[in-house]
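Single-letter residue listing:
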Amino acid sequence: MKVRVDPERCQGHTLCFMRAPEVFELSEIDGHSAPAVEEVPEGQEDRVVEAVRSCPERAISVF
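All of the points below concern the structure found in this document. All figures in this text were calculated on a predicted structure; none of them were measured in a lab.

When helices and strands are counted, the protein chain shows two helices and four strands. Mapped in sequence order, the helices and strands of the protein chain form the string β-α-β-β-α-β. Taken over C-alpha atoms, the radius of gyration comes to 10 Å for the protein chain, in line with the 11 Å a tight globule of 63 residues would show. Structurally, the protein chain occupies a C-alpha span of about 30 × 20 × 15 Å along its principal axes. Taking all 63 residues of the protein chain together, 29% fall into the buried category.

Next comes the structure, spelled out in structure tokens:
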């Protein structure tokens, strides 16, 4: 599973990072999120799906 964050939609709510800190990293400037890894590590899939569901801007997608 791979994860993507749309930088145009992300507003820096940081909910994804709170759900899966191993998968997402936050900008020190504005808190916007980006994937920290290209492939979601085994065992982190449920956390990433939870992050997708919790994003109020719908900026996260998995494929």
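Moving on, we get to the environment of Val 5. Tracing the chain through its elements places Val 5 in strand 1 (residues 3–5). Sequence separation of Val 5 and Ala 59 is 54 residues, and the distance between their C-alpha atoms is 5.5 Å. Setting aside chain neighbours within four positions, we find Val 5 in contact with Cys 10, Phe 24, Ser 33, Ala 34, Pro 35, Ala 59 and Ile 60.

To continue, consider the pattern of salt bridges. On inspection of all chains with the given rule, the structure shows four salt bridges. Here Glu 38 makes a salt bridge to Lys 2, at a shortest N to O gap of 3.6 Å. Taken together, the positions of Glu 38 in the loop between strand 3 (33–35) and helix 2 (45–54) and Lys 2 in the segment before strand 1 put the pair 36 residues apart, joining distant regions of the chain. Given the relative accessible area of 61%, Glu 38 is considered exposed. On the accessibility criterion, Lys 2 (28% relative accessible area) is partly exposed. Look at the salt bridges and you will find they share partners, linking Lys 2, Glu 38 and Glu 39 into a network.

Definitions and cut-offs
Residues numbered from 1 in each chain as written. Predicted model: local features only at pLDDT ≥ 70, side-chain atom pairs only at ≥ 80, totals over all residues. Heavy atoms only, no water. Helix = DSSP H or I, 4+ residues; strand = E, 2+ residues; numbered from the N terminus. Rg over C-alpha atoms; globule rule 2.2 N^0.38 Å. Buried < 20%, exposed > 50% of the residue type's maximum accessible area, 1.4 Å probe, protein only. Contact = heavy atoms within 4.5 Å. Salt bridge = Lys/Arg side-chain N within 4 Å of Asp/Glu carboxyl O.

Function cannot be read off these values alone, since they describe shape.
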